[in-house]
Amino acid sequence: MCSCFEEYLSLFYLFSMARVLLTSIILIIVCSLFVSCFKTNNLMLTTSHDSLTISPNTTYLSFAAYTDKAGNLFYSLYDEYDSTIKIINIKSKVSKSVKVPFSNRIEVENPLKDYIIHNFDSIFLQHHYQISIIDTSGKIKYEYLINAPFSDTFPDTIRNSLGSLFSMYYNEISKELYLRQYSGKYYSWSKGYYSIPVEAVFKLRDSLFKDVAIYYPNKYQQNYYGDLNNVYHTVAGKNDIFSFEADENIYILNKENGKISKNSCKSTFDTSDVQPLSTKYKDDINKRIDHLTVSPCYLKILYDPYRKLYYRFFSAAVPLRNKNGTYNTHADKELYLMVLDNKFNLLKEYPLKNNEWYWSFITEKGLYLQRTLKGTVNQNTENGQQIIFDIFTFSLD
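Keep in mind it's a predicted model, so treat the numbers as computed, not measured. (Residues numbered from 1 in each chain as written. Predicted model: local features only at pLDDT ≥ 70, side-chain atom pairs only at ≥ 80, totals over all residues. Heavy atoms only, no water.)

Participant: Where do I start with the overall build of the protein in this structure?
Facilitator: Per the secondary structure count, the protein includes three helices and 28 strands. For the protein, the proportion of its 397 residues judged to be buried stands at 56%. Across the protein, contacts joining residues at least 24 apart in sequence account for 54% of those joining residues at least 6 apart. Surface accessibility of the protein: about 18,000 Å² in total, with carbon and sulfur atoms responsible for 49%. (Helix = DSSP H or I, 4+ residues; strand = E, 2+ residues; numbered from the N terminus. Buried < 20%, exposed > 50% of the residue type's maximum accessible area, 1.4 Å probe, protein only. Contact = heavy atoms within 4.5 Å. Areas by Shrake-Rupley, 256 points an atom, 1.4 Å probe, with all protein chains shown as cover.)

Participant: Would you mind showing me how to read the sheet that holds strand 19 (residues 249-254) here?
Facilitator: Hydrogen bonds between backbone groups are what pair the strands of a sheet, and the pairing can be parallel or antiparallel. Read from one edge to the other, the open sheet built from four strands follows the order 17-18-19-20, with strand pairing classed as antiparallel. In the strand order of this sheet, the two ends are held by strand 17 (231-236) and strand 20 (260-264), each with one partner. With direction set aside, neighbouring strand axes in the sheet form an average angle of 25°. Judged from the six bridges that link them, strand 17 and strand 18 (residues 239-244) form a sheet pairing that is antiparallel. Following the sheet pairing, Val235 is matched in strand 18 by Asp240. (Pairing = 2+ DSSP bridges. Axes fitted to C-alpha atoms, helices over the stretch in contact; angles between N-to-C directions.)

Participant: Please clarify how unusual backbone geometry should be interpreted in this entry.
Facilitator: If a residue is not glycine, its phi is most likely negative; likewise, a peptide bond is most likely trans. Here Ser83, not a glycine, exhibits a phi torsion of approximately 55°, which is positive. Inspection of the secondary structure assignment puts Ser83 in the loop between strand 5 (73-79) and strand 6 (84-89). The exposure class of Ser83 is buried, given its relative accessible area of 15%. Here Ser207, not a glycine, exhibits a phi torsion of approximately 55°, which is positive. With respect to the helices and strands, the residue Ser207 is situated in the loop between strand 15 (199-203) and strand 16 (208-212). What makes Ser207 buried here is its relative accessible area of 19%.

Participant: Mind showing me how you'd approach the sheet that holds strand 22 (residues 309-315) here?
Facilitator: Read from one edge of the open sheet, four strands run 21-22-23-24, paired in antiparallel fashion. One side of each edge strand has no neighbouring strand; the edge strands of this open sheet are strand 21 (297-304) and strand 24 (346-351). Averaged over neighbouring strand pairs, the angle between their axes works out to 20° when direction is ignored. Pairing of strand 23 (residues 335-340) with strand 24 involves five bridges; the strand directions are antiparallel. Note on strand 24: the bridge partner recorded for Leu337 is Tyr350.

Participant: Teacher, can you tell me more about the packing of aromatic side chains here?
Facilitator: Given two aromatic rings, one states the distance between the centres and the angle between the planes to describe the pair. This structure, assessed with the given rule, holds 33 aromatic pairs. With a centroid separation of 5.8 Å and an interplanar angle of 40°, the aromatic rings of Tyr169 and Tyr178 are classed as tilted. A relative accessible area of 22% means that Tyr169 is categorised as partly exposed. On the basis of relative accessible area, Tyr178 is assigned to the buried category, the value being 7%. Site record: aromatic cluster; members linked through ring pairs are Tyr193, Tyr194, Tyr216, Tyr220, Tyr225, Phe244 and Tyr251. Residue placement shows Arg180 over the ring face of Phe166; its charged tip is 6.0 Å from the ring centre. (Phe/Tyr/Trp six-rings, centres within 6.5 Å; stacked < 30°, edge-to-face > 60°. Lys NZ or Arg CZ within 6 Å of the ring centre and 35° of its normal.)

Participant: Mind showing me how you'd approach the pairing of strand 20 here?
Facilitator: The side chains of a regular strand alternate, first on one face of the sheet and then on the other. As judged from the five bridges shared by strand 19 and strand 20, these two strands associate in the antiparallel manner. Note on strand 20: the bridge partner recorded for Ile252 is Ser261. Connecting strand 19 to the next strand, strand 20, in antiparallel fashion are five residues, including Gly258 with a positive phi near 75°.

Participant: Help me out: how do you make sense of the pattern of salt bridges in this one?
Facilitator: Pairing between side chains becomes possible if they bear opposite charge and their charged atoms approach one another. Going through the model one piece at a time under the given rule, you end up with twelve salt bridges. Between Lys203 and Glu176 there is a salt bridge, with the nearest N and O atoms lying 2.5 Å from each other. Taken as a pair, Lys203 in strand 15 and Glu176 in strand 14 (residues 176-183) lie far apart in primary sequence, 27 residues in all. The buried category is assigned to Glu176, whose relative accessible area is 12%. (Salt bridge = Lys/Arg side-chain N within 4 Å of Asp/Glu carboxyl O.)

Participant: Could you clarify how one ought to interpret the side chain of His49 in this entry?
Facilitator: Residue placement: His49 occurs in strand 3 (residues 43-55). Overall, His49 belongs to the buried group, its relative accessible area being 10%. Side-chain polar atoms of His49 contact the side chain of Arg371, separated by 3.3 Å. Side chain to side chain, His49 and Asp390 meet in a polar contact 2.5 Å long. (Polar contact = N/O pair within 3.5 Å; in protein donor to acceptor, adjacent residues only side chain to side chain.)

Participant: Help me understand the pairing of strand 15, please; the structure alone is not making it clear to me.
Facilitator: Among the five residues of strand 15, four are classified as buried, and the element is accordingly described as predominantly covered. Bridge count between strand 14 and strand 15: five bridges; the pairing is antiparallel. If you follow Glu176 over to strand 15, its bridge partner there is Lys203. Summarising the sheet, strand 15 and strand 16 pair through five bridges and their orientation is antiparallel. By the bridge assignment, Phe202 is partnered in strand 16 with Phe209. Counted between consecutive antiparallel strands, the loop separating strand 15 from strand 16 contains four residues, among which Ser207 sits at a positive phi close to 55°.

And the structure:
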């Protein structure tokens, strides 16, 4: 039996999360400690910093932002230690904890995988084996079991959003919830794994799933690209935007007419084509890590509705061995931020020497990027440790 999800998680945390301290909030926001500007190619960038004081004792699954209808901005995170969603008003610094309930019908381990705050009366939760809606009191208003919790085998198709990698999206007009899906039947080195749609829509009115007609690019059917099989997406109005790690192209699905278009969006730092990995190395973790190191990789994509821009993260390839005889690892790869206009034209790229891409999110202020564990991040204070977000605010002149 294939457990593609568990295989993916172990590698993702090995490569991306080792440098990030995962903890939960105690105090909030110290805004705009520093501001700087520079301008190039008619694109102006202003940077500022926000900080949070966090407890070193617990871990959090996700970090995001939410704006209510009155325009109030909140931060939110899921604290795995006490199974609560923390919602914090940035201006008033008032924090509210929402206890996350678990279905009493499921006896197996059922971790929370993703959540979205639609409003304070409708917080969508996606556990591995259930979809539910709660309010801020923690009361369950809706619950539906998914992914065959009472079966000894995985279902052919697993519906499972992956937090900041491929977050859920709720369409208020159609009352539909969009989730990531992947194969529970095939291993990730087989062609069958890449033959099913990568997204599903859950119709709340009928409690029914329906495939969304967006698939892995053909190159995944033709070759095995090791662990470069993650899918990222963002939503821009009527369009769903998809990015695949081994593909420079961006795929746009128009949800109104079902048409799919493709835009080439190659980083200027992508100087080598990604090469397939032989399936004979499918169980060789060292070969798979080496393949990730020498391969260019297109990561998360975000749409900024306030500035009508797209942000895409790119990890450049490095050789396993340098000319001076030293060796590189996956951690030595350079990370870049690609800024695209609303037609996916590349405006500018910025090296990110001190930021992580995983916890990135958008607010009216701009693009929030968590600093890495280098430099001034996670400094000890009297109340805990400090986490710093760099805010990138772009404008076109």
